[in-house]
Amino acid sequence: MLPVLALLLPLVGFVAGFAPLQRNIAYRSPTLTTSSLAHDIDHIGAKIVKRSTLGRRSLESARGGHAADQLVIDYDSAKGIDGQDSYHGSFTFPYGVASGDPLDDSAILWTHPVPKDADTVEPICLRYQTSKVKDSWHEKDLVDSSYAWTTSDVDYSFKVETQLPEPKTRYYYRFFGCHDHSLVSPTGTFTTMPSPDDETVGSLKMAVFSCSNYPFGYFNSFGQAAKSDVDLVAHVGDYIYESAGDGSPDAYGDGRPLNRVPQPNREIVTLDDYRLRYATYRSDPDLQRLHQKKPWLLIWDDHEVADNSWKAGTADSNDTAAGTVEGVRFTERKKNAVKAYFEWMPIRQVDTAGDTLRIWRKFQYGKLADIAMLDTRNYDRDITDLYYNTAEVASLANDTARSLMGGKQERWLYHNLIHSQKRGATWKLIGQQIIVNHLNYGEADFPVDYDAWDGYEANRRRLFDTIRANDIQNVILLSGDSHAAWVYDAIYQEWENRTDLYDPSTGRGALAVEFAGTAVSSPSSYGAKLTPAQYVAQAEKLVSINRNLAFAEGGHRGYFTLDVRPNELDASFWGIVNNTQQSSDQILLAKFNVQKGANRLTRPINNGKPAKGGALQAQIIDYSKQQWNGSGFS
Ligand SMILES: *[C@@H]1O[C@H](CO)[C@@H](O)[C@H](O)[C@H]1NC(C)=O
Ligand SMILES: *[C@@H]1O[C@H](CO)[C@@H](O)[C@H](O)[C@H]1NC(C)=O
Ligand SMILES: *[C@@H]1O[C@H](CO)[C@@H](O)[C@H](O)[C@H]1NC(C)=O
Ligand SMILES: *[C@@H]1O[C@H](CO)[C@@H](O)[C@H](O)[C@H]1NC(C)=O
Ligand SMILES: *[C@@H]1O[C@H](CO)[C@@H](O)[C@H](O)[C@H]1NC(C)=O
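Predicted model only: the values in this text are computed from it and were never measured.

## Concerning the overall build of the chain
1) Next: Along its length, the chain carries eleven helices and 23 strands.
2) Next: Out of the 634 residues in the chain, the part that is buried amounts to 60%.
3) Next: Carbon and sulfur atoms make up 52% of the accessible area of the chain, which totals about 23300 Å².

## Description of the nonpolar core
1) Next: Grouped together as the largest cluster of nonpolar side chains are 126 residues, with contacts concentrated most on W486 and F515.
2) Next: With seven residues, the top contributor of residues to this core is helix α6 (residues 330–344).
3) Next: Residues from two domains meet in this core; each of domain 2 (91–191) and domain 3 (204–620) gives at least three.
4) Next: In contact with W486, other than residues within four places in its own chain, are I435, L439, Y441, E514, F515, A516, Y526, L542, L549, F551, A552 and F573.
5) Next: Listed in part, the 19 residues of the second largest apolar core include F91, L109, I124 and Y173.

## A few points about the site of ligand 4
1) Next: Close to ligand 4 lie Q493, E496, N497, W628 and S631, which account for all nearby residues.
2) Next: A distance of 2.3 Å separates an oxygen atom of ligand 4 from a polar side-chain atom of N497.
3) Next: Residue S631 places a main-chain N or O atom 2.8 Å away from an oxygen atom belonging to ligand 4.
4) Next: About the coverage of ligand 4: the protein hides 45% of its 360 Å² of free accessible area.

## Some thoughts on the sheet that holds strand β7 (residues 158–163)
1) Next: A sheet is described by the order of its strands in space; here nine strands give the open sequence β7-β3-β2-β12-β11-β10-β20-β21-β22, paired in mixed fashion. Edge positions in the sheet fall to β7 and β22 (586–595), since each has one partner strand and no second. Across this sheet, the average inter-strand angle for adjacent strands is 30°, counted without regard to direction.
2) Next: With six bridges joining them, strand β3 (residues 106–111) and β7 adopt antiparallel strand pairing. When the sheet's bridge partners are listed, A107 is paired in β7 with T162.
3) Next: Running at roughly 50° to strand β2 (residues 97–100), helix α5 (residues 285–293) makes contact with β2, β10 (204–209), β11 (232–235) and β12 (295–298) of the sheet.

## Topic: unusual backbone geometry
1) Next: The peptide bond linking Q263 to P264 adopts the cis configuration, its omega dihedral lying at -15°.
2) Next: Of note, P264 is situated in the loop between β11 and α4 (271–281).
3) Next: Cis peptide bonds are those with omega within 30 degrees of zero, and the linkage from R603 to P604 qualifies with -5°.
4) Next: Relative to the helices and strands, P604 resides in the loop between β22 and β23 (615–616).
5) Next: If you check the backbone angles, D135 has positive phi at about 60° while not being a glycine.
6) Next: In this structure, D135 sits in the loop between β5 (124–131) and β6 (142–150).
7) Next: With relative accessibility at 58%, the residue D135 sits in the exposed group.
8) Next: Positive phi outside glycine occurs at D238, with the angle close to 65°.
9) Next: Position of D238 among the secondary structure elements: in the loop between β11 and α4.

## Focus on the site of ligand 5
1) Next: Close to ligand 5 lie N629, S631, G632, F633 and S634, which account for all nearby residues.
2) Next: A distance of 2.4 Å separates an oxygen atom of ligand 5 from a polar atom in the side chain of N629.
3) Next: The contact in question runs from an oxygen atom of ligand 5 to an N or O atom on the backbone of F633, over 3.0 Å.
4) Next: Starting from 360 Å² of accessible surface for ligand 5 in isolation, the protein chains cover 35%.
5) Next: When grouped by side-chain class, the residues that make up the shell around ligand 5 number one nonpolar, four polar and no charged.

Cut-off values and rules
Residues numbered from 1 in each chain as written. Chains lettered and ligands numbered in written order. Predicted model: local features only at pLDDT ≥ 70, side-chain atom pairs only at ≥ 80, totals over all residues. Heavy atoms only, no water. Helix = DSSP H or I, 4+ residues; strand = E, 2+ residues; numbered from the N terminus. Buried < 20%, exposed > 50% of the residue type's maximum accessible area, 1.4 Å probe, protein only. Areas by Shrake-Rupley, 256 points an atom, 1.4 Å probe, with all protein chains shown as cover. Core = buried A, V, L, I, M, F, W, Y, C linked by side-chain atoms within 4.5 Å. Domains from an automatic or database assignment. Contact = heavy atoms within 4.5 Å. Near = heavy atom within 4 Å. Polar contact = N/O pair within 3.5 Å; in protein donor to acceptor, adjacent residues only side chain to side chain. Pairing = 2+ DSSP bridges. Axes fitted to C-alpha atoms, helices over the stretch in contact; angles between N-to-C directions. Nonpolar A, V, L, I, M, F, W, Y, C, P; charged D, E, K, R; others polar.

Everything listed here is a matter of coordinates, which is why it stays silent on function.
Next up, the structure:
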């Protein structure tokens, strides 16, 4: 009898204590399968250890380490039902609430309580409620209600999946203490997506952001979108930056004048560093408000790890002694960055066996649009321009063996594009990081950015080949990363001067359209301190030397919105009037239309009117009046 009992008893305790941990998917971040990145909660029942010898402080200060595989929880799992034996002190919600990755029947809800007693080792028990009626938390209005735990092991992040009865429906959610219902979070809201086979979807409004750099300016773009009627927010990366921000020699930006120096004020490398950096960003009221008001689809770029990241390093880090930053090697640093990202972002865990870094995923917005969110950065990208190897990467740029996405992700994308076309989804939106189309910056030494798709020409060719060979209609590429705005008819680089294949005056021959947004606050890639006239002159030069580039703008910080309808879509590019001023106004710089089935920008571009910033190619050059003579247009 004895051995059987001894086996059974821990199992009972395990089942009771497991659920409130299990429901907080932060313990499983970033992967649902056990890996060194997630906490092994499936076996936690067998692993409960007193935390007395390893307090929170020492755990968090384990430099270069990540606390993931050291999860030790100092409570008896058998007793921890609904708040019993959890933390009974006070706590606040200084980082607000967030929702993300809404499907037709569920969404991710996020918050981050902070206990008043910073030294507590007890779990915080939070209830969450989802209601179909604004400000009503009556039983009859609730569609979901449960509780879960969070602890310092996951930096008190609290991430649950709420189950929802109806597609295309607005819901409201909040969190409060299990033992003290007066400790209540702000109320957030989101709308579920239509079901994938819904043919009646008339519209999708989406705001697209990139490059939100805290010390450089206010997050006016987020604040403006929070006031708008968009259904969804996409952030295509550089949500945080890894550098110090106090104007010191290694810093990127000087946040002192605006009191926006991010913590910790040095280049971040440890798990604690990344967590604290997210905490600084999420203290921003505009960013908080947009998370509270809209559901987000998030994907990372390089700076969520470090500058110019690729699969095995960044500009300043790799796994050699020379690439060790603050005592931390690249692989460890990347794990820390990834774990903190999943803790702080309301994104789903995407799982395929062993793919612990997979973040690329897709959404189906009825039959109106399929949305793919790609990782062209950290998943499986071949070596990029790290500043000291530019010539080498330039010589490799057209190598067919090179991939931005990795073979697995490329195959997934191409398969999905074909599937989207077959299933009758009208628009194929592809959210990703870097500029897809060829972009000649007109500089003498290296005219293109090899850290963008220009450094991975074969990958770009395979994407366009897939579109062409399978007659995939209505592909819209959404990009960020570059700190300036660009609008393209998407074509093969080799078609640039082939008037037989692509006509810049009509867009005939284009395969798709690319909208690339400027930064929320990162400084312009044209140069940070040009005069308004210089920004316009530079934009004019760029649209003159890139034949499929319809619009360029580098003088404003901002974002763009998409208004997607069954027969057409509009993209509106917004510029913040003065981003070193809080609550600044925005202006509409230019607006672009794409008709269903056209696969190019509608002419006349911007309705034939001048842009309110930057340059429209059509206002500068009339290609319909020019002929290619073999070496130029005349
Ligand atoms: C590693 O990174 C350092 C710092 O950027 C660089 O000097 C070194 O060349 C890199 N080593 C390799 C093998 O990439
Ligand atoms: C790049 O490679 C493709 C196919 O391998 C080839 O057709 C093209 O001419 C190459 N481009 C350059 C500039 O070498
Ligand atoms: C932007 O706002 C700041 C802060 O109010 C002000 O100092 C600056 O002069 C403004 N810049 C412009 C171009 O108006
Ligand atoms: C197109 O023509 C321009 C002007 O002659 C030239 O600079 C550019 O390299 C050509 N582009 C391609 C892809 O051949
Ligand atoms: C072709 O046009 C370019 C640009 O206008 C001009 O510089 C060049 O001389 C022309 N070439 C010939 C052969 O006419």
